[in-house]
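# Close look at the chain arrangement
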Amino acid sequence: MNKLALTVSRGIGRITEAALGPRQTAVIRIGFSATWLLFLLREYPHRQELYGPDGPWSFDLGRRLTQENGAFTALMWFRGQFWFETVYALAVLASLLLLLGWRTRTMSVLFMLGVFSLQNRSVFVGDGGDNVLHLMSLYLVFTRCGRVWSLDARRAERGRAARARGERVPPDRVGPVLWGVLGAVLAGVTVAGRVQGEWLVPALLWAAWAAQALWWLVARRARSAEPRILLDVIANVLHNTALLVIMTEACLIYATAGWYKIQGSRWQDGTAVYYPLHLDYFSPWPGLADLLSSSGTIMVVVTYGTVIVQVAFPFTLFNRRVKNVLLVAMMTEHAVIAVVLGLPFFSLAMIAADAVFLPTSFLHRLGDRAARARGRLLSRGGHREPEEPLSSGDSEPAHVGFPA
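Our subject in this report is the structure included herewith.

Calculation notes
- Numbers given to residues run from 1 along each chain, matching the order in which its sequence is written.
- Totals for whole chains, interfaces and linings use all residues, but because this is a predicted model, local features are given only for residues with pLDDT of at least 70 and pairs of side-chain atoms are given and counted only at 80 or more.
- In computing side-chain properties, one takes all heavy atoms of the structure into account and sets aside hydrogens as well as water.
- In DSSP terms, a helix is any run of H or I states spanning at least four residues, a strand is any run of E spanning at least two, and both are numbered starting from the N terminus.
- The contact rule is simple, with two residues in contact once any of their heavy atoms fall within 4.5 Å.
- Aromatic rings from Phe, Tyr and Trp, with only the six-membered ring used for Trp, were paired whenever their centres fell within 6.5 Å, and each pair was classed as stacked if the ring planes differed by under 30 degrees, edge-to-face if by over 60, and tilted otherwise.
- Each residue's exposure class comes from its accessible area (1.4 Å probe, protein chains only) as a fraction of the maximum for that residue type: buried when under 20%, exposed when over 50%, partly exposed otherwise.
- Whether a charge sits over a ring comes down to the Lys NZ or Arg CZ being within 6 Å of the ring centre and within 35 degrees of the ring normal.
- In this analysis the probe radius is 1.4 Å and the grid spacing 1 Å, with only protein atoms considered; a cavity is a set of points the probe fits into but cannot get out of, a pocket is an open set with protein on both sides within 12 Å along at least five of seven lines, and lining residues have an atom within 4 Å of a point.
- Grid points are joined across faces, edges and corners, and a volume is the space filled by probe spheres set on the points.
- Charged means Asp, Glu, Lys or Arg here, nonpolar means Ala, Val, Leu, Ile, Met, Phe, Trp, Tyr, Cys or Pro, and polar covers whatever is left, Gly included.
- Salt bridge, as used here, is a side-chain nitrogen of Lys or Arg placed within 4 Å of a carboxyl oxygen of Asp or Glu.
- What a helix should span is 1.5 Å times the count of its residues minus one.

### A few points about the environment of Ala94
Relative to the helices and strands, Ala94 resides in helix H5 (residues 81–100). When neighbours within four sequence positions are excluded, Ala94 is seen to be in contact with Met107, Leu110 and Phe111.

### Topic: the packing of aromatic side chains
In total, this model carries 14 aromatic pairs according to the counting rule given. Seen from their ring centres, Tyr254 and Phe313 are 6.0 Å apart, and the 65° between their planes marks the pair as edge-to-face. A residue pair is termed long-range when its members are at least 10 positions apart, and Tyr254 in helix H11 (residues 226–262) and Phe313 in the loop between helix H14 (296–312) and helix H15 (320–340) qualify at 59 residues. Residue Tyr254 shares its accessibility class with Phe313, and that shared class is buried. A connected cluster of aromatic rings, assembled from ring pairs, spans Phe72, Trp77, Phe78 and Trp83. A cation sits over an aromatic face here: Arg105 above Trp215, 4.4 Å from the ring centre.

### Details of empty space enclosed by the protein
Counting across every chain of the model gives 1 cavity of 30 Å³ or more. The calculated volume of the largest cavity comes to roughly 40 Å³. Around the largest cavity, the lining residues are Tyr51, Gly52, Pro53, Phe59, Leu75, Phe78, Gly80, Trp83, Phe84 and Arg121. For the lining of the largest cavity, the residue count by class is 7 nonpolar, 2 polar and 1 charged.

### Things to note about the pattern of salt bridges
Enumeration according to the criterion identifies 8 salt bridges in this entry. With a shortest N-O distance of 3.2 Å, Asp232 and Arg144 are connected by a salt bridge. With Asp232 in helix H11 and Arg144 in the loop between helix H7 (129–140) and helix H8 (151–164), the pair connects residues that are 88 residues apart, well separated along the chain. Comparing Asp232 with Arg144, the two get one shared label, buried.

### Comments concerning H8
The terminal C-alpha atoms of H8, which comprises 14 residues, lie 20 Å apart, in line with the 20 Å expected from a rise of 1.5 Å per residue. Of the positions making up H8, those classed as buried are Asp152, Ala153, Arg154, Ala156, Glu157, Gly159 and Ala162. Those residues of H8 hidden inside the fold are in contact with helix H6 (104–121) and helix H17 (360–380). Looking one or two places after H8, you find Gly166, whose phi comes out positive at around 85°.

So this is what it looks like as structure tokens:
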């Protein structure tokens, strides 16, 4: 009984004391924000046909759709081209700033709003990767995804270094202004009755806005460390729970896809991969598709290998070496799909989801190499900065002052 109690105590302490997987969370933050940013930039010339008020799926049809399914989209708040262009531009900006890790707590919420607003406006646009991006954008809101490899982490590191030298760190001005502006906008659209759909997204927006105010008040006004510690514990629990949900979601995607494939006759006889290679819609490189499909052996191996990897992956999480081998296989498969079948954004979304399982040691080495490369570039440019780590560590809070 004592051993069981000790094990439970250690487990609770691990979940509450630190935000686990900071590098994995940073990688998926970078991966999903980069995927959505590249998609928005790539489809910028076609944005009117995809999501515009005068596109094939008109504003009135979009309003009827959202009223029936209860989906959230800010594009239904106002009618007109100006509002559409504003939302599209803000979605691009939020993706870029989340990619850089600037005010990640706020940008993760705005990133989610951009994804929801555009995707829910026209649900018939997408290639499967949009569903993954849709879910992951919601989960990212609950993570502390800016603790490493971000501008937030760099700012926090500089603040700690200044305090260690006995210097005074000026209070954060940008965070309160950003909080006030966004709060005023949220209050305005709520009072005006513009917020439609189910209660989940509006409640999440108000909860996130109130949580940031509470965090700022505790950081500035609390006379003891206990309130801040309590908020850190709550944030760590939310982060670790969201990280677990992301991992579970990725496993469910592969498990369900693999088991459904097993039931298909084309997958059973080893010919399933052959057919999409000869569809015009999925053949950006017909010569390459013909070359790959010319060998029956390659088709059988790829078909059966795809099923085996997808079905087996969730069961390999308990064996690190086998998991890493299958992880490389899946990422390679998605990279091939991006090129051969012309589905780059679907592949990027799946690779970003797979990144949550990357080994910490590999990410450490990757971060060290990136830091050295950055140092060499700065030295060649004649600009030298004092060496600083690109992260704020695994256990230190990534934000100083207002948690924007």
